[in-house]
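# Fold and geometry: a report
Given next are the chains, with one letter for each unit.
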Amino acid sequence: MHQFISGQSQTGTSGRKLDIVDPSTGAVVETVTLASAADVDLAVAAARAAFPAWSTTTPGERSAVLSRFARLLEEQAEDYALAESRQTGKPLRLAREFDIPGTIDNADFFAGAARSLEGKATAEYSPDHTSSIRREPIGVIGSISPWNYPLQMAAWKILPAIAAGNTIVLKPAEITPLTTLMFARTLQQAGLPDGVVNIIVGDGPEAGAALMRHPEVDMVSFTGSTSVGRTVLEAASTNSKRVHLELGGKAPFVVFEDADLEAAAHGAVAGSLINTGQDCTAATRAIVHHSVYEEFVTKVAELYRGIRVGAPADEETDIGPMVSYAHRDRVASIVDRARGYATVVTGGVIPGGDLAAGAFYTPTLIIDAAPDSDIVRNEVFGPVLTVLPFATDDDAIALANDTPYGLAASAWTRDVYRSLRASREIKAGCVWINDHIPIISEMPHGGVKESGFGKDMSAYSFDEYTQIKHVMFDITGIAHKDWHRTIYRLR
Ligand code: NAD
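Residues numbered from 1 in each chain as written. Predicted model: local features only at pLDDT ≥ 70, side-chain atom pairs only at ≥ 80, totals over all residues. Heavy atoms only, no water.

Read across the sheet, 7 strands follow the order β14-β15-β16-β13-β12-β17-β18 without closing on themselves; strand pairing throughout is mixed. Looking at the sheet topology across the chains shown, the edges are occupied by β14 (343-346) and β18 (430-433). The average undirected angle you get between the axes of adjacent strands in this sheet is 25°. Across the face of the sheet, helix α9 (residues 261-273) comes into contact with β12 (251-255), β13 (283-289), β16 (384-390) and β17 (408-412) while running at roughly 170° to β12. (Pairing = 2+ DSSP bridges. Helix = DSSP H or I, 4+ residues; strand = E, 2+ residues; numbered from the N terminus. Axes fitted to C-alpha atoms, helices over the stretch in contact; angles between N-to-C directions. Contact = heavy atoms within 4.5 Å.)

Around the ligand, the surrounding shell holds 28 residues, and the nearest of these are Glu174, Ser225, Leu247, Glu379 and His445. Taking Gly204, its main chain carries an N or O atom lying 3.5 Å from a nitrogen atom of the ligand. If the ligand stood free it would expose 840 Å²; the protein chains cover 87% of that surface. Spatially, the ligand is embedded in the largest pocket. When residues of the shell around the ligand are traced back to their parent elements, those giving at least two are α7 (204-213), β10 (219-223) and α8 (226-236). Looking at the shell around the ligand element by element, the count peaks at 3 residues for α7. Partitioning the shell around the ligand into residue classes produces 13 nonpolar, 11 polar and 4 charged. Residues lining the shell around the ligand come from more than one domain, with at least three contributed by each of domain 1 (3-246 + 458-471) and domain 2 (251-433). (Near = heavy atom within 4 Å. Polar contact = N/O pair within 3.5 Å; in protein donor to acceptor, adjacent residues only side chain to side chain. Areas by Shrake-Rupley, 256 points an atom, 1.4 Å probe, with all protein chains shown as cover. 1 Å grid on protein atoms, 1.4 Å probe; cavity = no way out; pocket = protein on both sides within 12 Å on 5 of 7 lines; lining within 4 Å. Sits in = over half its atoms within 2 Å of the grid points. Nonpolar A, V, L, I, M, F, W, Y, C, P; charged D, E, K, R; others polar. Domains from an automatic or database assignment.)

Encoded structure:
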C-alpha cells in the first residue's frame with residue numbers, strides 16, 4: 001500500500017515492484033508497488049476535488065493544521081529518524097539532529113507564515129477606479145523530490161504549497177519514499193482534509209513524467225538533477241504550467257590568504273562530507289590562495305583520514321554509506337577516471353571488511369585537476385572535494401564562477417572588503433562567509449544559472465505558490481464612461 005491518494009493507502013497499478021534497500025547492509029527494508037500513469041490521474045483528480053474547500057479555508061485554519069502537525073512530528077521524531085536513516089543510509093545522528101528538527105522547524109515556520117500572507121494596499125491609480133491586489137493559491141501542484149534528504153525535500157515542497165491554500169501531488173524519489181508517506185499520514189492525523197496532499201510512489205519516466213505533463217496540474221515544482229530538470233521544463237511547457245526548479249550544484253569554497261585556516265579546513269570537511277557529500281549545496285571545489293594551499297591540503301587530508309565511515313546506527317560513525325550501490329559505483333568511476341589527470345591525496349577507496357556489504361566510499365581529496373576537467377566541472381554528488389590554487393582575488397572570483405551551476409558558495413576571509421566583494425560577485429543563490437551549509441527556515445534556498453530558479457523555504461517561497469490578481473473597481477457609477485469614446489461614438 002504505497003500510494004496515498006485522497007487519504008487512503010492504495011497499491012500502485014504499474015504491475016512493478018521495487019525493493020527499498022538499506023544501503024549500509026543491502027537488507028530489504030520494504031517492497032513497494034510502483035504507480036502507473038493511471039494512479040497519477042487518480043491522485044491529481046483527488047487534489048483537484050479537494051482544492052475548492054481547502055483554498056477557501058482561512059489562513060488561521062491552515063495554520064492550526066500545520067501547528068498540530070509540528071507537535072505530532074515531535075512526538076514521532078524517533079520513528080521518522082529511524083526510517084530516514086534506514087532508507088538512505090544516513091547516520092542516525094544526522095537524521096536526529098538535522099533532518100527531523102529541521103522539518104519540525106519548517107512546519108512551525110509555515111504555520112506562522114500562513115497567517116501573514118497578504119496582498120498590497122487597495123488604492124486609486126486612476127481617478128475613476130480603486131485597484132486591489134489579491135494573492136491567491138495556484139491550484140493543483142505537481143511536485144517531484146530527490147533521495148538525498150527525502151523528508152526535508154518533501155517538507156520544502158508540501159508545506160508552503162498547502163500553507164498558501166494549494167493542493168498537491170508529490171512523487172518522492174522511488175528509492176526513498178518511506179518518510180514522505182509517513183509525512184502524509186501525520187498530516188492526516190493533524191486534521192488535513194483528504195485529497196489536499198497525495199503521494200505517488202513511482203519511477204521518473206512513468207509516474208514522474210505523467211505528473212509533470214498532466215493537464216490538470218497547474219504548477220510543477222521539481223528538485224533533482226539539472227538533466228531531469230530540463231525534461232520537466234519541456235513537459236511543463238505543454239500547457240504553460242508555472243515551474244519551480246531546484247537543480248544541481250557545484251559549490252565553490254574560496255579560501256583567501258588571510259582566512260582562519262583552522263576554521264576553513266574544518267569547514268571544508270563538514271561542508272563537503274555532510275550527508276556523505278550527497279548535498280546539492282556541499283562544498284565541492286575548494287579554491288585556495290597559493291600561499292596557504294599546501295597547509296590547507298595537508299590539514300583537510302589529515303581530517304579526512306580521521307573520519308569514521310561506518311554503520312548509520314553507530315554513534316561513532318561520521319559518514320554512512322552512499323544512498324545506493326549504483327550511485328556509489330558511479331562516484332567511484334568518476335574518481336577512477338580522474339586518477340588519469342589528477343592526484344588523489346586520500347580516499348577513493350571502496351572499503352572491505354565489515355563495510356563490504358554496504359555502499360560505502362571513503363572521503364576523497366583530489367588535487368592537480370585542471371579547472372575545466374570533469375571532476376572539477378561536473379556534479380559528483382559524493383564525499384569528494386577538489387582543491388585548486390589561485391593567485392589573485394580576481395582569479396578566485398573567476399574560478400568560483402567558472403561553472404554552469406549557481407546554487408551555493410562560501411568565502412573564507414577576515415577582510416571585510418573581500419567578504420563584501422565575494423558576496424556580491426559570486427553568482428549563487430546563497431553565499432556563506434566563514435561557514436558553509438547552515439540553512440534556516442526564515443531564509444530562502446534556491447539557485448541561479450543551471451541550478452534552477454525559484455525559492456524553497458521562507459516567505460519568498462509564497463512567490464512560487466501564489467499568484468497575484470489585480471481587481472479594478474469602477475468608483476464613478478457612470479454608465480457612459482468617458483474612455484468609451486475611444487472605441488465608439490455615443491449615439
Ligand atoms: P534525479 O533528477 O535523478 O531524480 C529526482 C527525481 O526526479 C526523482 O524523484 C526521480 O524519480 C524523478 N525523475 C527522474 N526522471 C524523471 C522524468 N523523466 N520525469 C519526471 N521525473 C523524473 O535526481 P536524484 O539523483 O534523485 O537527486 C540528486 C540530484 O538532485 C542532484 O543533482 C542534486 O544536486 C539535486 N538536488 C538539488 C537540490 C536543490 O535544492 N537544488 C536539493 C537536493 C538535490
